[in-house]
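Commentary on secondary and tertiary structure
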Amino acid sequence: MQIRQHYIDSVYLARSVQLDTCFTGTSPHILLLVNDGQELSRLLPELPATVLVAGIYADADRKAVYGTAGVPDYLGQGQLSGSYTRFIIEELLPFLQQQYPDMRIVKRAFAGFSLGGLSALDIVWRHPDIFQLAGVFSGSLWWRSKALGPGYQDDTDRIMHQLIRAGSYHPGQQFFFECGTADETADRNNNGVIDSIDDTRDLIKELLQKGYKPDKDIFYLEIPGGRHDMATWKTAMDLFLQLPFFY
């Protein structure tokens, strides 16, 4: 599998963004963007010939760039996520079309890991006209508007859950979520289930309330013993790329 390296001088991020792309076919018609693209070569199995993958490198500003656009968390993190969204849509997608002029994309997916998974989900959710699938691996769905402590409530203070609750059903969109049972040890409500699994299951409930269907629109993978690491995410990526979406 051949990987090509690119650099994009971004106006919105005021820096040069490194990008790796790879595909095995001749004329891909599915585009998969991946946050934390510096890990791409460690994660990808053999690709379907239909798919072009573009891995976007994270920089030192990762905690500012990844988040929910226009809605920083209680620490002020994610303040550049709106600029990152504009980079993706207005700079990256046209750049890829220029680099691969024979590309005839009919479907687009966006995936990420941890905070990068939150970012991918936020961008897909807000732009159903552009992206049809979100891949969220150990997603930072705890992203909250208040610190834990007196006054914090899961029901009102998890930002991505609120964005989905306030949004609408988008026909044709799909979602893949992965969690490992050893992703973390935190259990803020002491219910015997780690927070990353609780947060993911609760977000899936929000999508179900909107009308999305399990095993048709929503795919959930819980890996026994899976950790918050690249080895677990590679296992999940192998299964993610077997979804019918990519064929």
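Report follows, based on the coordinates. (Residues numbered from 1 in each chain as written. Predicted model: local features only at pLDDT ≥ 70, side-chain atom pairs only at ≥ 80, totals over all residues. Heavy atoms only, no water.)

**Observations regarding the overall build of the chain**
Along its length, the chain carries eight helices and eight strands. Here the chain has a C-alpha radius of gyration of 17 Å; the compact-globule value for 247 residues is 18 Å, and the two agree. Counting across all 247 residues of the chain, residues that qualify as buried make up 55%. Across the chain, the fraction of contacts at a sequence separation of at least 24, relative to all contacts at a separation of at least 6, is 66%. For the chain, the accessible area works out to roughly 10,600 Å², and carbon and sulfur atoms hold 51% of it. Here the chain contributes 22 positive and 30 negative side-chain charges, whose respective centroids are spaced 3 Å apart. (Helix = DSSP H or I, 4+ residues; strand = E, 2+ residues; numbered from the N terminus. Rg over C-alpha atoms; globule rule 2.2 N^0.38 Å. Buried < 20%, exposed > 50% of the residue type's maximum accessible area, 1.4 Å probe, protein only. Contact = heavy atoms within 4.5 Å. Areas by Shrake-Rupley, 256 points an atom, 1.4 Å probe, with all protein chains shown as cover. Lys, Arg positive; Asp, Glu negative; His and termini not counted. Charge placed at Lys NZ, Arg CZ, Asp CG, Glu CD.)

**Focus: the sheet that holds strand 6 (residues 133–137)**
In spatial order, the strands read 1-2-4-3-5-6-7-8; together these eight strands make up an open sheet with mixed pairing. Because the sheet does not close on itself, it has two edges, and the strands there are strand 1 (3–10) and strand 8 (218–227). Across the sheet, the mean angle separating the axes of adjacent strands is 20° when strand polarity is ignored. Where strand 2 (residues 15–22) and strand 4 (residues 51–56) come together, four bridges link them in antiparallel fashion. Across the sheet, the residue bridging to Cys-22 is Val-53, located in strand 4. Contacting strand 1, strand 2, strand 3 (30–35), strand 4 and strand 5 (107–113), helix 3 (residues 81–99) crosses the sheet at an angle of about 130° to strand 1. Across the sheet, helix 7 (residues 195–210) is in contact with strand 7 (174–182) and strand 8; its angle to strand 7 comes to roughly 160°. (Pairing = 2+ DSSP bridges. Axes fitted to C-alpha atoms, helices over the stretch in contact; angles between N-to-C directions.)

**Let's talk about the packing of helix 6 (residues 159–166) against helix 7**
Between helix 6 and helix 7, whose axes approach to 9 Å, the crossing angle comes to 5°. Looking at the two axes, helix 6 sits roughly parallel to helix 7. For the pair helix 6 and helix 7, the contacting residues are Met-160, His-161, Ile-164 and Arg-165 in the first and Asp-199, Asp-202, Leu-203, Glu-206, Leu-207 and Lys-210 in the second. Within the contact of helix 6 with helix 7, the residues separate by chemical class into four nonpolar, one polar and five charged. (Parallel < 35°, antiparallel > 145°, perpendicular 65-115°, else oblique. Nonpolar A, V, L, I, M, F, W, Y, C, P; charged D, E, K, R; others polar.)

**Side note on the packing of helix 4 (residues 115–126) against helix 6**
As a packed pair, helix 4 and helix 6 sit with axes 11 Å apart at the nearest point and diverge in direction by 15°. The orientation of helix 4 with respect to helix 6, classified from their angle, is roughly parallel. In the packing of helix 4 onto helix 6, the handedness of the crossing is left-handed. Each of Leu-118, Leu-121, Asp-122, Trp-125 and Arg-126 in helix 4 lies in contact with helix 6, whose residues at this interface are Met-160, Leu-163 and Ile-164. For the contact of helix 4 with helix 6, the per-class residue count stands at six nonpolar, no polar and two charged. (Left-handed = near helix turned anticlockwise from the far one by under 90°.)

**Describing helix 3**
The end-to-end C-alpha separation of helix 3 is 25 Å, in line with the 27 Å expected for 19 residues at 1.5 Å each. Of all the bends in helix 3, the largest measures some 35° and sits at Ile-88. Regarding helix 3, the residues found buried are Ser-81, Tyr-84, Thr-85, Phe-87, Ile-88, Glu-91, Leu-92, Leu-93, Phe-95 and Leu-96. (Expected span 1.5 Å × (residues − 1). Bend = angle between axes of the 7 residues up to and from the residue.)

**As for the pattern of salt bridges**
Enumeration according to the criterion identifies 17 salt bridges in this entry. Between Glu-90 and Arg-86 there is a salt bridge, with the nearest N and O atoms lying 3.2 Å from each other. You can see Glu-90 and its partner Arg-86 sitting in helix 3, four residues apart, about one turn around the helix. We classify Arg-86 as partly exposed; its relative accessible area is 43%. (Salt bridge = Lys/Arg side-chain N within 4 Å of Asp/Glu carboxyl O.)

**Quick look at helix 6**
All buried positions along helix 6 are accounted for by Ile-159, Met-160, His-161 and Ile-164. Looking at the packing, one finds that the buried side of helix 6 touches helix 4, helix 5 (154–157) and helix 7.

**Here's the deal with the pairing of strand 1**
For strand 1 and strand 2, the ladder comprises eight bridges, and the chain directions are antiparallel. By the bridge assignment, Asp-9 is partnered in strand 2 with Ser-16. Hairpin connection of strand 1 to strand 2: four residues between the antiparallel strands, including Ala-14 at a positive phi of 55°.

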